[in-house]
There are 2 protein chains.
Amino acid sequence: MKKTYLASLLLLLALLSFSAPDSSLRKVRQYREAHEQPLLAEFMQLLTIPNVAADSAGLRQTARFIAGMMQKRGIKTQLLPATTAGVPPAVYGEVRTPGAKRTLIFYAHYDGQPVNPAQWAAGLSPFKPQLMSTGLGQGGKPLPLLQAGEKTDPNWRIYGRSSSDDKAGVMAILAGYEALVQSGQRPSVNLKFFFEGEEEKGSPHLSEIVEGHRALLASDLWIICDGPVHQSGQKQVVFGARGDVNVGLTVYGATRPLHSGHYGNWAPNPALELAQLLGSMKDTTGRVTIAGFYDDVIPLTPLEKQALSRVPNLDATIQQELGFARANGAGQSLNELINQPSLNINGLRSAQVGTQAANVIPTTAEATLDLRLVLGNDSERQVAKVVRHIQRQGYFVTSQEPTAAERARYPRLVRVSPQTGYNAERTPMDLPVARSVVAAVQRTSTQPVVQLPTSGGSLPLHVFKRIGATTLTVPVANYDNNQHAENENIRLGNLWEGLETMAAIMQLQ
Amino acid sequence: MKKTYLASLLLLLALLSFSAPDSSLRKVRQYREAHEQPLLAEFMQLLTIPNVAADSAGLRQTARFIAGMMQKRGIKTQLLPATTAGVPPAVYGEVRTPGAKRTLIFYAHYDGQPVNPAQWAAGLSPFKPQLMSTGLGQGGKPLPLLQAGEKTDPNWRIYGRSSSDDKAGVMAILAGYEALVQSGQRPSVNLKFFFEGEEEKGSPHLSEIVEGHRALLASDLWIICDGPVHQSGQKQVVFGARGDVNVGLTVYGATRPLHSGHYGNWAPNPALELAQLLGSMKDTTGRVTIAGFYDDVIPLTPLEKQALSRVPNLDATIQQELGFARANGAGQSLNELINQPSLNINGLRSAQVGTQAANVIPTTAEATLDLRLVLGNDSERQVAKVVRHIQRQGYFVTSQEPTAAERARYPRLVRVSPQTGYNAERTPMDLPVARSVVAAVQRTSTQPVVQLPTSGGSLPLHVFKRIGATTLTVPVANYDNNQHAENENIRLGNLWEGLETMAAIMQLQ
């Protein structure tokens with residue numbers, strides 16, 4: 001009851017603070033409006049540098065470019081290497097504020113998801129950023145580069161890999177800092193900056209970097225700038241994130257592709273076996289049927305439940321926009337469902353389809369699964385449940401390419417390749433520093449800030465937790481940014497509002 | 001009983017004819033042995049010309065090259081166009097034999113299955129034919145081009161698209177004719193030649209060409225030179241072929257790819273839906289569970305059943321070689337199973353897998369199915385059964401890209417794209433001209449010729465049937481030729497034996 005009362009009081013305070021922009025915000029905004037052209041030019045340059053995991057040279061170049069952006073802004077900068085060789089370094093920066101009692105560290109990541117340029121729309125390319133008049137789905141048309149003195153429209157977008165996820169985070173933080181100090185203001189807290197280069201790969205070396213620089217990274221709070229704002233367009237503060245682990249599956253058939261006429265009905269078809277295996281993992285409502293899959297889950301606290309009940313429910317609108325007739329989850333809302341563990345098929349492949357298809361029995365069939373975890377789940381335990389389920393379907397599970405002896409012995413044979421995963425984390429919603437951040441963000445918006453107990457997406461928050469740090473996620477991207485897919489984009493209005501959000505947090509009260 | 005008696009008598013006669021090569025065969029063999037280098041050089045040249053359906057220029061070039069091969073051998077040649085424009089022409093040729101009472105027409109096809117060069121083994125490429133010391137799986141090593149006077153080893157292979165399927169047919173027929181007449185012999189029958197360019201596409205215009213040239217193509221028997229000899233290496237005469245029809249399936253999810261964290265558990269995943277749909281089509285023994293799938297089948301005649309019982313059963317050996325532990329079919333033999341209709345998944349695709357995979361909910365998931373038909377099945381009726389099954393799983397089936405209204409209305413939405421298919425055909429096993437062909441083939445081999453009521457593979461025999469023609473298939477390729485897949489190859493021993501088979505049939509008694 002006490003917590004509910006406190007939450008109501010906080011909501012009331014938040015509502016009371018809806019008002020005309022305060023003078024600090026006005027100055028930041030004026031500065032940005034006067035400098036859109038150079039800010040955009042710099043951002044476009046950042047987007048041209050390839051930043052996929054497979055391109056370590058590109059990642060290093062990205063890190064150096066960001067270090068340059070920081071130095072240009074007078075931020076004391078250094079690259080923080082992992083102890084493992086060849087890992088893209090984190091880019092670190094620091095600004096001391098005389099007399100400040102608190103230290104905030106701003107996190108974003110500069111690496112992006114893998115790209116398949118062939119999937120991008122005509123005229124678009126992952127590393128040739130393109131300004132567009134609006135979203136592709138709304139009939140967006142290409143625009144020329146912004147000229148000096150020209151102003152942007154908030155509905156314009158930039159298309160390119162990481163335009164949202166998460167170079168937008170890097171840009172919002174650094175441009176927010178620039179706008180704050182160049183408009184004659186100063187931070188209220190000590191600032192640190194930490195930009196990671198392996199987030200999309202599951203941050204396999206983040207703990208090495210973080211634990212190797214504990215003293216340097218000491219802070220009261222990490223502000224994680226990643227992910228989208230609420231689908232309503234309202235700004236959002238997120239108190240936690242789901243954990244994540246990927247699992248690759250390869251089912252094996254004959255050692256060579258076979259003519260489907262001469263061997264069909266007789267030689268086993270791995271595409272069929274994979275289909276039946278995947279089909280057995282969920283029911284028709286999308287609920288996972290793997291034994292114990294939903295065990296371990298730690299329920300939401302009353303405060304978190306209450307916050308969740310206040311999150312706007314836009315399911316019907318989003319569903320309409322996304323063009324499907326029935327959601328999974330047997331009537332539960334999107335907000336409820338992202339507070340549960342999930343199992344998603346990221347992709348399937350076996351031989352060829354369409355005009356490339358040949359009349360063959362494929363030799364293998366592959367799938368990549370993505371398991372999201374909530375508080376209480378453990379990534380290895382969750383993968384083990386999947387493996388046990390596969391074994392119960394009669395499969396021999398191996399982690400290697402099967403040997404000839406294994407092929408001869410086991411009628412059903414699957415290679416399971418789990419990647420390194422990590423668990424979910426949640427920061428308590430009543431933590432004072434967290435309340436201050438919510439208030440700071442609220443000062444930049446006339447709409448109520450959405451407070452989400454957990455994000456559907458994942459962040460390596462466990463790494464920060466291990467050095468005793470507290471985290472809060474403050475995203476900037478538009479929700480329809482196509483992150484992780486082709487045609488990724490950022491809405492300019494979101495980039496500029498994100499800049500204002502970051503500047504406001506830097507003046508935390 | 002009468003038929004059984006007749007068959008036994010025929011078998012006895014066939015067995016009696018095992019003997020040292022007769023003089024005709026000896027002459028043909030000597031000619032070939034003396035001319036391996038130019039024959040091989042010509043064949044390699046034929047294999048360099050791209051012959052996939054998507055490359056109509058390549059197909060036309062292939063047709064012209066074959067016409068040249070025929071003219072070089074003194075065969076009166078012409079290209080037979082379809083009435084539809086842009087269709088690769090059939091290559092026709094004719095040799096009149098004074099006093100001959102029968103006319104045989106030799107069929108092969110010069111087009112090949114689609115290729116994906118990336119799937120071919122290192123050093124191999126679909127249209128850069130490569131001579132190898134044996135099969136890849138047996139440790140084959142590349143060999144230089146044959147020099148004049150050099151002799152080949154029967155275990156050598158040539159790797160390249162259509163090296164088996166079915167430029168080997170074209171080559172065996174034309175080289176067989178050459179060896180016959182150049183060794184001072186003459187055919188016993190009138191000869192016609194007909195080489196098709198759309199077989200791998202399902203022969204959509206073959207009937208146009210055949211029906212447009214009925215008089216020209218009049219014959220007592222079509223000899224279809226396509227497919228592999230028996231897995232035992234024994235020569236084979238096949239009295240029929242399964243019909244075939246391909247069906248493309250595309251299941252639809254949201255209109256744009258979604259972040260699997262922010263939307264997982266809520267937005268439907270088309271890869272999962274496709275998996276469940278395909279999984280519902282067969283049981284775990286590989287038997288099709290679609291209602292009525294095995295109805296319509298006309299049983300084998302007693303003569304056919306008896307022939308089938310005499311076909312060597314090499315299932316255990318082949319299974320061991322192919323490296324799988326359990327065949328489909330609940331214990332039935334490969335020979336029994338290819339006399340039943342089949343449903344095969346040729347390929348699957350949804351988004352990306354492995355290192356290319358991103359954490360997304362895919363927008364679509366695709367599969368290509370291959371349905372093989374036996375006598376009694378009708379291709380359209382068989383596809384209709386599949387469609388009804390899909391509808392029973394709750395799907396709205398469309399033949400077009402779904403409209404926004406359809407997406408909004410139907411929770412399960414699939415596009416079904418059946419291609420034009422054709423039905424199975426079988427020639428009666430006791431037909432006199434067929435018996436003569438079996439005897440001719442038997443004269444070239446010390447092993448019993450395998451007589452198969454039907455082939456597992458498919459041929460557009462219905463087109464010939466429609467002009468009243470009788471067909472018999474006499475294949476030449478090795479069974480492990482990887483036809484329809486990467487690393488397609490022909491064993492040279494098979495090519496040379498095929499040449500002898502064709503020459504012997506041209507001297508039909």
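Residues numbered from 1 in each chain as written. Chains lettered and ligands numbered in written order. Predicted model: local features only at pLDDT ≥ 70, side-chain atom pairs only at ≥ 80, totals over all residues. Heavy atoms only, no water.

Caption draft 1: How the structure looks around the domain arrangement of chain A. Residues and elements named next belong to chain A. Split by domain assignment, chain A resolves into domain 1 (14-239 + 427-505) and domain 2 (242-297 + 340-418). On a C-alpha basis, the centroid separation for the pair domain 1 and domain 2 is 36 Å. Listed by partner, the interface residues are six residues for domain 1 and four residues for domain 2. The three residues of domain 1 that bury the most area against domain 2 are Thr454, Gly456 and Ser458, which together make up 73% of that side's buried surface. Taken together, domain 1 and domain 2 are joined by six residue pairs in polar contact (both at pLDDT 80 or more). Looking at the side of domain 1 that touches domain 2 residue by residue, the classes come out as one nonpolar, five polar and no charged. (Domains from an automatic or database assignment. Contact = heavy atoms within 4.5 Å. Buried area = accessible area lost by both parts, 1.4 Å probe. Polar contact = N/O pair within 3.5 Å; in protein donor to acceptor, adjacent residues only side chain to side chain. Nonpolar A, V, L, I, M, F, W, Y, C, P; charged D, E, K, R; others polar.)

Caption draft 2: Quick peek at the interface of chain B and chain A. The interface is formed by 97 residues belonging to chain B together with 98 residues belonging to chain A. On the chain B side of the contact with chain A, Asn265, Trp266 and Leu348 of chain B bury the most area, a combined 11% of that side's loss. Inspection of the chain B/chain A interface yields two salt bridges. Among the salt bridges present, the one from Arg256 of chain B reaches Glu321 of chain A, with a minimum N-O distance of 3.6 Å. On the surface where chain B and chain A come into contact, there are 46 residue pairs in polar contact (both at pLDDT 80 or more). With ten residues, strand E11 (residues 342-351) of chain B is the single largest residue contributor to the side of chain B that touches chain A. Within the side of chain B that touches chain A, the residues separate by chemical class into 39 nonpolar, 41 polar and 17 charged. Looking at chain direction, strand E11 (residues 342-351) of chain A and E11 of chain B are connected through five bridges and run antiparallel. Bridge pairing links Ser350 of chain A to Leu348 of chain B in E11 of chain B. (Salt bridge = Lys/Arg side-chain N within 4 Å of Asp/Glu carboxyl O. Helix = DSSP H or I, 4+ residues; strand = E, 2+ residues; numbered from the N terminus. Pairing = 2+ DSSP bridges.)

Caption draft 3: Looking closely at the UniProt feature "domain: Peptidase M20 dimerisation" (unreviewed entry) in chain A. When the UniProt feature table is mapped onto this chain, "domain: Peptidase M20 dimerisation" (unreviewed entry) is found at residues 250-393 of chain A. The distance from the first to the last C-alpha atom of residues 250-393 of chain A is 15 Å, and the span holds 34% helix and 19% strand. (UniProt positions renumbered as here; feature names shortened; annotations may be inferred.)

Caption draft 4: Region of interest: the relation of the copies chain B and chain A. If you rotate chain B by 180° and push it 0.0 Å along the axis, it lands on chain A with an RMSD of 0.1 Å. Read as a symmetry element, the transformation amounts to a two-fold axis. With an isologous cut-off of 70% or more, the 100% of interface residues of chain B that recur at the interface of chain A puts this contact in the isologous class. (Least-squares fit on C-alpha atoms with pLDDT ≥ 70 in both.)

Caption draft 5: Geometry of the environment of Ile158 of chain A. All names here are of chain A. Take Ile158: it is sitting in strand E5 (residues 157-159). Along the primary structure Ile158 and Ile490 are separated by 332 residues, whereas in three dimensions their C-alpha atoms are 5.4 Å apart. Residues in contact with Ile158, not counting those within four places in the same chain, are Leu40, Phe43, Met44, Leu47, Pro129, Gln130, Leu131, Ser163, Glu488, Asn489, Ile490 and Leu492.

Caption draft 6: Region of interest: the pattern of salt bridges. Applying the stated criterion across every chain, the model contains 42 salt bridges over all chains. Between Asp244 of chain B and Arg372 of chain B there is a salt bridge whose closest N-O contact spans 3.7 Å. Of this pair, Asp244 of chain B sits in strand E9 (residues 240-252) while Arg372 of chain B sits in strand E13 (residues 364-373), and the two are 128 residues apart along the sequence. Among the residues examined, Asp244 of chain B registers a relative accessible area of 9% and is labelled buried. Overall, the relative accessible area of 2% leaves Arg372 of chain B in the buried class. A single salt-bridge network, built from bridges that share partners, covers Arg29, Arg32, Glu36 and Glu500 of chain A. (Buried < 20%, exposed > 50% of the residue type's maximum accessible area, 1.4 Å probe, protein only.)

Caption draft 7: Looking closely at the pairing of strand E6 (residues 190-196) of chain B. All names here are of chain B. For E6, a buried count of seven out of seven residues is recorded, marking the element as mostly surrounded by other parts of the structure. Of the two faces of E6, the one carrying Asn190, Lys192, Phe194 and Glu196 and the one carrying Leu191, Phe193 and Phe195 are both buried. Sheet analysis places strand E2 (residues 90-95) next to E6, joined by five bridges and oriented antiparallel. The residue bridging Val91 from the neighbouring strand is Phe195, located in E6. Two strands pair when backbone bridges link them, and strand E3 (residues 103-109) and E6 are joined in this way by seven bridges, in the parallel orientation. Opposite Phe106, over in E6, you have Phe193 as the bridge partner.

Caption draft 8: Inspection of the packing of helix H2 (residues 23-34) of chain A against helix H16 (residues 492-505) of chain A at higher detail. Residue and element names in this part refer to chain A. One can describe the packing of H2 onto H16 by two numbers: an axis separation of 10 Å at closest approach and a directional angle of 140°. The angle between H2 and H16 places the two elements in the oblique class. H16 is crossed by H2, and the crossing has right-handed handedness. Residues Leu25, Val28, Arg29 and Arg32 of H2 pack against Trp496, Leu499, Glu500 and Ala503 of H16. The residue makeup of the contact of H2 with H16, split by class, is five nonpolar, no polar and three charged. (Axes fitted to C-alpha atoms, helices over the stretch in contact; angles between N-to-C directions. Parallel < 35°, antiparallel > 145°, perpendicular 65-115°, else oblique. Left-handed = near helix turned anticlockwise from the far one by under 90°.)

Caption draft 9: Expanded view of the sheet that holds strand E20 (residues 489-491) of chain B. All names here are of chain B. Pairing in this open sheet of three strands is antiparallel, and the strands run E4-E5-E20 from one edge to the other. In this open sheet, the two strands that pair with only one neighbour each are strand E4 (130-132) and E20. Across this sheet, the average inter-strand angle for adjacent strands is 20°, counted without regard to direction. The sheet contact formed by E4 and strand E5 (residues 157-159) spans three bridges and is antiparallel. If you follow Leu131 over to E5, its bridge partner there is Ile158. Its contacts with the sheet put helix H3 (residues 36-47) on E4, E5 and E20, and the angle it makes with E5 is roughly 20°.

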